[in-house]
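What follows is the residue order along each chain.
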Amino acid sequence: MSDVRVRFAPSPTGFFHIGSARTALFNWLYARHAGGTFVLRIEDTDRARNTDESLQVLLDGMRWLGLDWDEGPDAGGDYGPYFQSQRQSIYDTYLKRLHDAGRTYEKDGAIWFKLEGERYTAYDKFLEAEVEKVKTKPVVIDDLIRGRVERAEERDFVLVRKDGSPAFHFVNVVDDIAMRITHVIRGEDHLSNTSKHVELFKAFGVEPPKFAHIPLILKEAGSGKMSKRDKGALIEEYESRGFLAAAVRNYISLLGWNPKDEREKLDIGEIIELFDFPGINKGNSRFDEKKLAALNAEYLRELNIESFTFLARPLLNEAGVIGEGLDEDYLQAVLTLCQPKARSLDTLSELCGYFFRDAYAMDEKTGAKIAKKTDPEALLAEVLPILDTVEPFKADAIKSALELHAAAEDQPVFAYFPALRYAISGQGGGPDLLPMLEVMGRERVTARIRKFIA
RNA sequence: CUCCCGUUCGUCUAGCCUGGUCUAGGACACAUGGUUUUCAUCCAUGCAACAGGGGUUCGAAUCCCCUACGGGAGGCCA
């Protein structure tokens, strides 16, 4: 195992969104690529908004995506505890070091970090107040993705809040030191904060880890980075909609990273092998659910029928399409027909619901289209006796019988198809018609046609 | 307002470091056609981009500068 140690340090908010998931994924990928250690650290210093449920959402999301951590909650490790709320004594020790070095002071009941440099007061337009500023020497951040970035911090910041709880910048740096983190891979939204962190590392006399600030994911529509409230932002949503974890993982790995060749569908082993900093982009990327859906469809089609059925069942159940007394063989036969047409599992009930329910909606547009060109009732009346009697009720036999009749009527056989499909499914599209008739069975098919004609 | 980061088809991106092979490649989406029925599958074709301006150079998507635009940060949130 290499000495690479990376961490994903989320704050449990009750959501696990795409941006966080991608940061977690990139950290995990790099750890696996380098043969290092992936640490999961829970940054729960904000007492107001941390609950067990929130933590659970996070851990479930991580597990669903297959991002296993080597150290952290439920995993243990030599650098615990992995909840910041349990690390108070460590923060006390580190705070004392800063205090002894003369780098802290108290103000308004909070403990502040003291920057080094000439002090002056100035009116700050953004804060709309007179504030004390410090002329510091700019710190240099050697970013693995952005190169050399220089930035000067100009205001002291809070280390410990009035209520005694340690604040983000402080605990983040302390833990990265204490947990011997070698690479900090995080969103670019933290780049501006990094000068604070570097000041802290310097005050502790510790060499900072290597930083890699990855581009942000922008919302699909409108401006700004994606946040919890945006459409499609939550990982849990993809899980419940029946997206495949492998597809989601593959898609988000491609947001801001690429394997430098033209492949897009990559299995996780390949991604791990190819993943590295030079492949990471600088520019932000916009989330595109259609592309995710397309990739998901590819993964879906590759599934064997057992896995496909396993995943589809709960969604069909939820949609009320299937229920008690279900014929398993029939379900399997139907899904075998529908799988090649499926783009996502959450629309499967619309795609194939009529196989199970006699009360299916008739798509008016399709009906009008068919009625405009032909007389569907008449065509179906012609065909009904054939379907009543053809033996066996199998695709091939049905096809031959229909062809025979069509020839006698001097019609192409497919003249009957649209009306037939529409009568038994209410739709204009779907699986191949002949196998579909076979699977539905004589009874169901003829009953539906009779009802349609009547 | 200040500081930081970025900018190739509508979107994700290759190419940029190491200037010529780029009439800028792929994918999603879209459009058309095909797969002798349908279709959200499959195949083919098409559409479509180097943000703008100035340099440097024989030559710039590639190097430099400026402008514009986009994003982020500036919390006793993380």
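Residues numbered from 1 in each chain as written. Chains lettered and ligands numbered in written order. Predicted model: local features only at pLDDT ≥ 70, side-chain atom pairs only at ≥ 80, totals over all residues. Heavy atoms only, no water.

**Student:** Can you break down the protein's contact with RNA strand B residue by residue, with the values?
**Tutor:** Residues in contact with RNA strand B amount to 61 residues; listed here are only the nearest, Arg161, Asn258, Glu264, Lys341 and Gly428. When the atoms of RNA strand B within 4 Å of the protein are grouped by moiety, sugar and phosphate amount to 71% of the total. Here arginine 146 contributes a side-chain N or O atom positioned 2.5 Å from a sugar or linking oxygen of RNA strand B. With respect to RNA strand B, the side chain of asparagine 258 contributes an N or O atom lying 2.4 Å from a phosphate oxygen. Within the residue set of the surface near RNA strand B, elements represented by two or more residues are β8 (147–151), α4 (168–178), β13 (285–286), α9 (289–302) and α16 (417–425). (Near = heavy atom within 4 Å. Polar contact = N/O pair within 3.5 Å; in protein donor to acceptor, adjacent residues only side chain to side chain. Helix = DSSP H or I, 4+ residues; strand = E, 2+ residues; numbered from the N terminus.)

**Student:** I'd like to hear about the pairing of strand β7 (residues 139–143), residue by residue, with values.
**Tutor:** Consecutive side chains of a regular strand alternate in pointing toward one face of the sheet and then the other. By the alternation rule, side chains of β7 split into Val139, Ile141 and Asp143, which are all buried, and Val140 and Asp142, of which none is buried. Pairing geometry for β7 and β8, over five bridges, is antiparallel. Counterpart to valine 139 in the pairing with β8 is arginine 151. Between β7 and β8, which follow one another and run antiparallel, lie three residues. (Buried < 20%, exposed > 50% of the residue type's maximum accessible area, 1.4 Å probe, protein only. Pairing = 2+ DSSP bridges.)

**Student:** Any chance you could break down the nonpolar core for me, citing the residues and the numbers?
**Tutor:** Judged by nonpolar contacts, the single largest core of 106 residues is most densely connected at Leu348 and Phe355. For this core, the element with the highest residue contribution is helix α1 (residues 18–34), accounting for nine residues. The residues contacting phenylalanine 355, other than those within four sequence positions of it, are Tyr330, Val334, Leu337, Cys338, Pro431, Met436, Val439, Met440, Arg444 and Arg448. By size, the runner-up hydrophobic cluster in this structure holds 29 residues, among which are Tyr82, Leu98, Val198 and Leu200. (Core = buried A, V, L, I, M, F, W, Y, C linked by side-chain atoms within 4.5 Å. Contact = heavy atoms within 4.5 Å.)

**Student:** Lay out the sheet that holds strand β3 (residues 104–107) in plain terms, naming residues and giving numbers.
**Tutor:** Here three strands make up an open sheet; going across it, the order is β3-β4-β9 and the pairing antiparallel. The open sheet terminates on both sides in strands that have one partner only, identified here as β3 and β9 (157–160). Each strand of the sheet is rotated relative to its neighbour by a mean of 45°, with strand direction disregarded. Bridge count for strand β4 (residues 110–113) against β9 is three bridges, and the pairing is antiparallel. Bridge assignment links tryptophan 112 to a residue of β9, and that residue is valine 158. (Axes fitted to C-alpha atoms, helices over the stretch in contact; angles between N-to-C directions.)

**Student:** With reference to specific residues and values, describe the pattern of salt bridges.
**Tutor:** For the structure shown, the criterion picks out 33 salt bridges. Put simply, lysine 219 and aspartate 230 hold a salt bridge, and the shortest N to O gap is 3.3 Å. Here lysine 219 is found in the loop between β12 (217–218) and α6 (235–240), whereas its partner aspartate 230 is found in the loop between β12 and α6, with eleven residues between them in sequence. A single burial state applies to lysine 219 and to aspartate 230, both of which are buried. (Salt bridge = Lys/Arg side-chain N within 4 Å of Asp/Glu carboxyl O.)

**Student:** Can you lay out the domain arrangement of chain A for me, pointing to particular residues and giving the numbers?
**Tutor:** Splitting chain A by domain gives domain 1 (1–72 + 215–302), domain 2 (87–214), domain 3 (303–350) and domain 4 (364–453). Distance from the C-alpha centre of domain 2 to the C-alpha centre of domain 4: 73 Å. (Domains from an automatic or database assignment.)

**Student:** Explain the layout of surface pockets residue by residue, including any values.
**Tutor:** Over the atoms, a rolling probe the size of a water molecule traces out where space has been left empty. Its boundaries defined by the atoms lining it, the largest pocket holds a volume of some 990 Å³. Lining the largest pocket are 34 residues, and of these Ala9, Ser11, Ser20, Asp189 and His190 lie nearest its centre. Taken together, the elements giving at least two residues each to the lining of the largest pocket come down to β1 (5–8), α1, α4 and β10 (183–187). The residue inventory of the lining of the largest pocket, partitioned by class, reads twelve nonpolar, twelve polar and ten charged. Each of domain 1 (1–72 + 215–302) and domain 2 (87–214) gives at least three residues to the lining of the largest pocket. (1 Å grid on protein atoms, 1.4 Å probe; cavity = no way out; pocket = protein on both sides within 12 Å on 5 of 7 lines; lining within 4 Å. Points joined across faces, edges and corners; volume = space filled by probe spheres on them. Nonpolar A, V, L, I, M, F, W, Y, C, P; charged D, E, K, R; others polar.)

**Student:** Tell me about the packing of α1 against helix α7 (residues 245–253), and name the residues and values.
**Tutor:** Where α1 meets α7, the closest approach of the two axes is 10 Å, and the angle between their N-to-C directions is 85°. Taken together, the axis directions place α1 and α7 in an arrangement best described as roughly perpendicular. For the pair α1 and α7, the contacting residues are Ile18, Ala21, Arg22, Leu25, Phe26 and Leu29 in the first and Arg249, Ile252 and Ser253 in the second. (Parallel < 35°, antiparallel > 145°, perpendicular 65-115°, else oblique.)

**Student:** Before we move on, could you go through the environment of valine 140 and cite the residues and values that matter?
**Tutor:** Position of valine 140 relative to the elements: it lies in strand β7. A residue is classified by how much of its surface remains accessible, and valine 140, at 36% relative accessible area, is partly exposed. When the C-alpha positions of valine 140 and threonine 194 are compared, they lie 9.6 Å apart, and in sequence the two are 54 residues distant. Ignoring anything within four residues of it in the chain, the contact list for valine 140 reads Arg148, Val149 and Glu150.

**Student:** Provide a residue-level description of helix α15 (residues 395–408), including the pertinent values.
**Tutor:** For α15, with 14 residues, the first-to-last C-alpha span of 20 Å sits near the 20 Å given by 1.5 Å per residue. All buried positions along α15 are accounted for by Ala395, Ala397, Ile398, Ala401, Leu402, His405 and Ala406. Within α15, the buried residues cover an arc of 165° as seen down the axis, which keeps them to one side. Away from its buried face, by an angle of more than 90 degrees, α15 presents the exposed residues Asp396, Leu404, Ala407 and Ala408. Aspartate 410, located one to two residues past α15, shows a positive phi value of around 60°. (Expected span 1.5 Å × (residues − 1). Arc of directions from axis to C-beta.)

**Student:** I'd like a description of helix α17 (residues 433–440), backed by residues and values.
**Tutor:** Taken residue by residue, α17 has Leu433, Leu434, Met436, Leu437 and Met440 as its buried positions. Projected down its long axis, α17 carries its buried residues within an arc of 160°, all on one side. Buried-residue contacts for α17 involve α11 (328–338), α15, α16 and α18 (442–453). Two residues or fewer after α17 comes glycine 441, characterised by a positive phi angle close to 90°.

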